[in-house]
Amino acid sequence: MSPGPASFAVAPMHGPDAWRRTLEVREHFLAAADPDWLPPRSCGVRREIVLSWRRSLLSGVDAAATDLPRDEGAVPPGRLVRAAQPVFDRLADQIAGTQAWAFLADRECRLVRYVAGDPALVPLLEARGAFPGARFGEDVVGTNGLGTAVEQGRPFIVAGSEHFRAYESEATTAGALVRDPVTRRLVGLVNINCRYELTNGLLLPFVTELARSVEERLLIQRPVAEQALLDEVMRVSERSAQAAVALSEEIFIANAAALALLDGADYELLRQWARESWAGELERERTARLRLGPDRAVTARCRPLSGPAGRRAAVVILTPCAAAVTAAGLAPRSPSAERLLARLDQVSARRLPVLLRGERGTGKATLARRLHAREPDAGPLTVLDAADRTQPQREWIAQLRVALADSAGTVVLLHLDALDEALMEPAARLLASPRAQLVATLTERPELTERPELTDQFPVVLDVPPLRERAGDIPALVTEIIAELHPQPPRPRCTPEALAALGSAEWPGNIRRLRQVVTTALVHSLSGDITVDDLPEGLAGGRGRRLTGLEWHERQALITALRNAAGDREAAARELGISRATIYRKLKRHGIRPPAAQPEARRRQR
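Residues numbered from 1 in each chain as written. Predicted model: local features only at pLDDT ≥ 70, side-chain atom pairs only at ≥ 80, totals over all residues. Heavy atoms only, no water.

A. Main features of the pairing of strand 15 (residues 460-463). What you see with strand 15 is a clean split: Val460 and Leu462 sit on the buried side and Val461 and Asp463 on the side with no burial. Judged from the 4 bridges that link them, strand 11 (residues 354-358) and strand 15 form a sheet pairing that is parallel. Note on strand 15: the bridge partner recorded for valine 354 is valine 460. (Buried < 20%, exposed > 50% of the residue type's maximum accessible area, 1.4 Å probe, protein only. Helix = DSSP H or I, 4+ residues; strand = E, 2+ residues; numbered from the N terminus. Pairing = 2+ DSSP bridges.)

Below, the structure written as structure tokens:
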């Protein structure tokens, strides 16, 4: 049963001494104006609050400001509003006559509506700017019950002088996240507030219960599309104990058996793979073996569905595999990868010379070595690099001659396009009649001169597609890279949001660049799970969706203006000729987190 109005009149949770001590620590931190200096753990202030102050400082929040930035054109999320309406109507009766007020906010921490226990609070709230669209994100107004709950990912209370801005120091604010009950995505927040002296330990469970009540209403009001996919999963679960997932671009529903197989990083892998299924013929089923991790593999059967308004969806049945995905360790994930592996199998069976052609960094050398590993009775492997200028030419040709004469062996000739002019004729003669299995790699570049005397020696030419054309391979490739860097479990993972951002990038450097990004992200995450914030700025901004040309240029303009303004968002807004509220909105939309404003910029803000 939810606590009633009397709950707000219980003894203070912290008290005057705690308020003054926290205020002193905060003022000392702000006076230092250095985000790298943190108060000691023994200072008496919760570490979550100290780290929130640091984030607020890095975001350039003005601790002396009193106003609420506002997105006047923000459209309230209708589904959230409808679900919260009866909850807030009941809440208004519960807090009537108290010095408490409550906010409903959207997922961007923008105010949707409020209720106040005392009518005298209304003009005070509105004088501050508490109108629909008012922004409470931590990067905008600093530490507070709404914004910090989002950053923490859980219900959170901020009491009195724990707030970053001095203006909020006389209040206590507690916020709880409202998640979609099916997809578990954030859809909004509920916030309860009171004067500091009325702070009570029941505030947090009270606001958490409010959020759960809104989620229950959301479940009742499920859209038709969600209900249809949920029904599909239920039908599969009723017939058997198989793991089943129903998904679309917006929805991901898994039964208990599927949840036992999957972790967060696997969701985007399945979504990418399903996209390739529903992009083809609507009724075409597709089956493949997918690697979910270094030690986990499943057989996945995807059945595309037709959703409302022609939207595509699919049901995927997962069956665990006991054995490795392939003998070579390369799981067929995207259609292009499946086709390439099938052709490699044919080449391996017939032992034909094969030329792997593609952009730099696409994994041609790895595929060439794995072609040798696919041989059931593989002989010796010889790898020669045509770009190697340290070995004498005569010695290089002699080594190639001996290796090609071994009928049990495999010769991998790397960078055929870089072969020295003086070696072309003798190499072409040797390549014309190899006894060994011969695999060569060639990087296609517009400036390369055709070398038919070499390429004509290969009856099979396979094009290795660039990574941008096989986004479905990215989740499993990321898992492989992490496993190489962290051989022993438990291993870090990549969050679904980070995988979505990686999957939306263009990857001009292909797998080589992906490896570099993942390695760097692990350094940023201190070998913890990789989040969007650990990715390079150009990747994190897409948030899982490819930017249009106009969006890309807008994002670059924002980054350039912020760099020119030394991280001062207001100065960047003036340079771009837009309002402060607009630049906040655009930064949030593009996922740009500016560095800390330089001391001169912070002085200008104050």
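The discussion continues.
B. Expanded view of helix 7 (residues 203-220). Its 18 residues place the ends of helix 7 26 Å apart at the C-alpha level, agreeing with the 26 Å of an ideal helix rising 1.5 Å per residue. What helix 7 keeps buried is the set Leu203, Phe206, Val207, Leu210, Ala211, Ser213, Val214, Glu215 and Leu218. Tucked into the core, helix 7 has its buried residues touching helix 3 (78-94), strand 3 (156-159), strand 4 (171-179) and strand 5 (186-195). (Expected span 1.5 Å × (residues − 1). Contact = heavy atoms within 4.5 Å.)

C. Broad picture of the sheet that holds strand 3. Pairing in this open sheet of 5 strands is antiparallel, and the strands run 2-1-5-4-3 from one edge to the other. Sheet topology places strand 2 (111-116) and strand 3 at the edges, where each strand pairs with a single neighbour. Taken pair by pair, the neighbouring strands of this sheet meet at an average axis angle of 15 degrees, ignoring direction. Bridge count between strand 3 and strand 4: 4 bridges; the pairing is antiparallel. (Axes fitted to C-alpha atoms, helices over the stretch in contact; angles between N-to-C directions.)

D. How the structure looks around the packing of helix 2 (residues 47-58) against helix 6 (residues 145-152). Where helix 2 contacts helix 6, the axes come no closer than 11 Å and their chain directions differ by 100 degrees. With respect to helix 6, the axis of helix 2 lies roughly perpendicular. Residue-level contacts link Glu48, Ser52 and Arg55 of helix 2 to Thr148, Glu151 and Gln152 of helix 6. Class assignment of the residues belonging to the contact of helix 2 with helix 6 gives a composition of no nonpolar, 3 polar and 3 charged. (Parallel < 35°, antiparallel > 145°, perpendicular 65-115°, else oblique. Nonpolar A, V, L, I, M, F, W, Y, C, P; charged D, E, K, R; others polar.)

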